[in-house]
Amino acid sequence: MPAVTVDDTTSLPRIAVPDPATSVERAVRSVTDAPSGLEGEGFPVRRAFAGVELADLDPFVHMDQMGEVEYGPGEPRGTAWHPHRGFETVTYMIDGTFEHQDSTGGGGLITNGDTQWMTAGGGILHIEKPPEALVASGGLFHGIQLWVNLPAHDKWVAPRYQDIRGGQVGLVSSPDGGALVRVIAGDVGGHAGPGVTYTPMAMAHVTASPGARVDLPWPREFNSLVYVLSGEGTAGSEGRPVRMGQLVVFGPGDHLVLSARDRQESRAPDLDVLVLGGRPIGEPVVAYGPFVMNTRAEIAQAFEDYQRGALGTIPADHIGH
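Note that the structure is predicted; figures quoted are calculated from it, not measured. (Residues numbered from 1 in each chain as written. Predicted model: local features only at pLDDT ≥ 70, side-chain atom pairs only at ≥ 80, totals over all residues. Heavy atoms only, no water.)

**Concerning the overall build of the chain**
Helix and strand content of the chain: three helices and 26 strands. Taken over the C-alpha atoms alone, the chain extends approximately 60 × 45 × 30 Å along its principal axes. Classification of the 321 residues of the chain by burial places 56% in the buried group. Within the chain, contacts between residues at least 6 apart in sequence are counted, and of these 74% link residues at least 24 apart. Each charge class in the chain was averaged separately, 22 positive and 39 negative side chains, and the resulting centres sit 4 Å apart. (Helix = DSSP H or I, 4+ residues; strand = E, 2+ residues; numbered from the N terminus. Buried < 20%, exposed > 50% of the residue type's maximum accessible area, 1.4 Å probe, protein only. Contact = heavy atoms within 4.5 Å. Lys, Arg positive; Asp, Glu negative; His and termini not counted. Charge placed at Lys NZ, Arg CZ, Asp CG, Glu CD.)

Here is the structure:
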C-alpha cells in the first residue's frame, strides 16, 4: 500500500498508552463481512456497512472499499455526473489515481494517500473517474468512499470541497512503535488531522506490522468502527479474529485495541485498517439514491430540485465528455 509511509516509525511521536486504572477498553460488539458489488460504470466495491444497524454507524451512512483491483488497459471505470444533498462524501485513495469535478468549481486529481472531502450540503453535482492516462495504461486501484451525515441544521450549508494531500495528514506511531497511524480528520490521542468536519468525528488509517499491538484513545462520546482493508489480526483484548473485508463495531469506552497476527500472507504483509468514529447525530435518517435527508418529503424535494436544475449545472469544460 503506497499510501503515506515512513522509513522509521520510531522517529514519530507516539500515542500515549491508556492508563488501565482510569480508562475503559471498548469491547467488540460485532464483526460483519462486507459483500461485494459493482458501483458507477462497473468498478468493484465491498459494501463495508452492509448488515449493520444505522444506530451503530451514526453519524456515518455508507462506505465502499473500492477495489483493490488490478485493471488492464481500457478497464478502469468511474461514475457519470450525479447529484448529492444532505451529507459529505469522503474519497480516500490508497493506490491509483482518481479525478473529481463538481458544479461549484471544486475538484482535481487525488492519488496515493490523498483525500477529497466534498460537502454536498444544500446540493451539488459531481463526477469521479480515473484519468484518461490510467484508463489507457491500466494499473492498481484501491480506495475508500465514505458518506458522513449532516445534522438537520447543516444539511442546507453551501457546498465545500477540501483537497487533502497525503503529506498533510498527521503521522504518529502506536505505543509499541510497530504501527503507523495516519490521522486524516479529527483527533487521535492528541494528534490532529487536516480534515475539517461539520460533524465531530475522527478518521485514521493504521498500518500495523506483524505482531504489533495498537492501543488507540477514542473519545467516549464517539462511536467506534474499524474496517479491515487487508491482512489479519484481532480486535479487543479478547482477541476476536478479524480479516480483510470485515467491519468491527466496538462498544462504549475510551480506547480500543487492535493486534496484527505474527504471520501475514505475502500479498498483505501488514494489518491495514481504517478507524472511524463520530458523535452520533441521533436524528431520523431517510436515504434514497444520492440524497440523505431527515424526511421523505425532503427526499422528494431533492429530486424535484435536481430535475429543475437547482442543484447546479455541469461546467462547459467538464471532464465527463
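Continuing now.
**Quick notes on the sheet that holds strand 5 (residues 82–84)**
The antiparallel open sheet is built from four strands, whose spatial order is 5-10-7-8. Whereas interior strands pair on both sides, the edge strands pair on one side only; in this sheet they are strand 5 and strand 8 (107–110). In this sheet, adjacent strand axes meet at a mean angle of 25° when their direction is disregarded. (Pairing = 2+ DSSP bridges. Axes fitted to C-alpha atoms, helices over the stretch in contact; angles between N-to-C directions.)

**Concerning the sheet that holds strand 13 (residues 170–173)**
The sheet built from seven strands is open, its strands ordered 1-22-19-24-17-14-13 with antiparallel pairing. Of all the strands in the sheet, just strand 1 (28–33) and strand 13 have a single pairing partner and so form its edges. Each adjacent strand pair in this sheet contributes to an overall mean axis angle of 20°, direction not counted. Where strand 19 (residues 224–230) meets strand 22 (residues 246–250), four bridges bridge the pair, whose relative direction is antiparallel. Bridge assignment links Leu-225 to a residue of strand 22, and that residue is Val-249.

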